[in-house]
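Residue strings, one per chain:
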Amino acid sequence: MRQQADSSGTSASEATRIHESLADALRYYIEKARPALLSHGTQNIAPNALWIGDNGGPIGPQTIRKIIQRRTFEGLGRSVNPHSFRHAAATTYATEVPERAMEASAILSRDS
């Protein structure tokens, strides 16, 4: 997956590998759901944004954080923030591939 700078909040585009089980869901979102959400907007204000809200406009990091916390509370009975997922991923990586444990810090290097 390649994310352009203007949709990620960074100064450069990034390439990220995602697991195939997530690729199908992301592909569906990009090909079907995202265009439908964009059609709800009154103007083409978010053509490059990946995540689109019900109103057809882009959703920012804080809104995404709130959505994740609300959904995890509904499903798990406790709120989990994005950093907790990255922390769990880094811990799992370091546990499963201990000889490359120092690379796990790259998982944690993003803003919550």
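Rules behind the numbers
- Residues numbered from 1 in each chain as written.
- Predicted model: local features only at pLDDT ≥ 70, side-chain atom pairs only at ≥ 80, totals over all residues.
- Heavy atoms only, no water.
- Helix = DSSP H or I, 4+ residues; strand = E, 2+ residues; numbered from the N terminus.
- Contact = heavy atoms within 4.5 Å.
- Salt bridge = Lys/Arg side-chain N within 4 Å of Asp/Glu carboxyl O.
- Buried < 20%, exposed > 50% of the residue type's maximum accessible area, 1.4 Å probe, protein only.
- Core = buried A, V, L, I, M, F, W, Y, C linked by side-chain atoms within 4.5 Å.
- Phe/Tyr/Trp six-rings, centres within 6.5 Å; stacked < 30°, edge-to-face > 60°.
- Expected span 1.5 Å × (residues − 1).
- Arc of directions from axis to C-beta.
- pLDDT = per-residue confidence, 0-100.

Novice: For this particular structure, what's the right way to read the overall build of the protein chain?
Specialist: Counting its secondary structure elements, the protein chain contains four helices and two strands. In sequence order, the protein chain lays out its α and β elements as β-α-β-α-α-α. Contacts in the protein chain between residues far apart in sequence, at least 24 positions, make up 14% of those at least 6 positions apart.

Novice: Please explain the pattern of salt bridges as it appears in this structure.
Specialist: Pairs can form between side chains of opposite charge once their charged atoms are near each other. Under the definition given, this model contains four salt bridges. Across the pair Asp 24 and Arg 27 runs a salt bridge, and its minimum N-O distance is 2.8 Å. Of this pair, Asp 24 and Arg 27 are both found in helix α2 (residues 20-38), three residues apart, which corresponds to roughly one turn of the helix. The exposure class of Asp 24 is partly exposed, given its relative accessible area of 46%. Across the salt bridge formed by Glu 103 and Arg 100, the nearest N and O atoms sit 3.0 Å from each other. One salt-bridge network, in which partners are shared between bridges, spans Glu 20, Asp 24 and Arg 27.

Novice: Is there a simple way to think about the nonpolar core in this case?
Specialist: One recurring pattern in soluble globular proteins is that nonpolar side chains are buried together. Core analysis: the largest hydrophobic core is formed by five residues, namely Tyr 29, Leu 37, Ala 49, Leu 50 and Ile 52. With residues near it in sequence (within four places) discarded, Leu 37 still touches Tyr 29, Ile 52, Gly 53, Asp 54 and Gly 56.

Novice: Got a minute to help me understand the packing of aromatic side chains in this structure?
Specialist: The geometry of an aromatic ring pair is captured by the separation of the ring centres together with the interplanar angle, meaning the angle of the planes. Within the structure shown, the criterion is met by one aromatic pair. Ring centres 4.8 Å apart and planes at 40 degrees place the aromatic pair Tyr 29 and Trp 51 in the tilted group. Pair noted here: Tyr 29 is in helix α2 and Trp 51 is in the loop between α2 and α3 (61-76), with a separation of 22 residues, a long-range link.

Novice: Could you clarify how one ought to interpret helix α4 (residues 82-96) in this entry?
Specialist: It helps to recall that an α-helix has 3.6 residues per turn; residues three or four apart then point in one direction. Taking 1.5 Å per residue, 15 residues should reach 21 Å; α4 reaches 21 Å between its end C-alpha atoms and fits that length. Inspection of α4 places Pro 82, Arg 86 and Ala 90 among the buried residues, and these make up the whole buried set. An end-on view of α4 places all buried positions within 75 degrees of arc, on one side of the element. Residues of α4 that are exposed and point over 90 degrees away from its buried face: Thr 95 and Glu 96. The secondary structure elements touched by the buried residues of α4 are α3.

Novice: Just to check I follow, could you spell out α3 for this structure?
Specialist: Compared with the 22 Å implied by 1.5 Å per residue over 16 residues, the 22 Å span of α3 between its first and last C-alpha is a close match. Phi turns positive, to about 85 degrees, at Gly 77, one or two residues after α3.

Novice: Explain the confidence of the model for the protein chain to me, please; I cannot follow it from the model alone.
Specialist: Caution applies to low-pLDDT parts of the model: their predicted coordinates are not meant to be read in detail. Considering every residue of the protein chain, the mean pLDDT works out to 80; 79% of them sit at 70 or more. Looking across the protein chain, the model is least confident in helix α1 (residues 5-8), with a mean pLDDT of 46, and most confident in α3, with 94. Low confidence marks residues 1-11, where pLDDT is under 50. Its contacts with residues over four positions away, or in another chain, come to 19 contacts.

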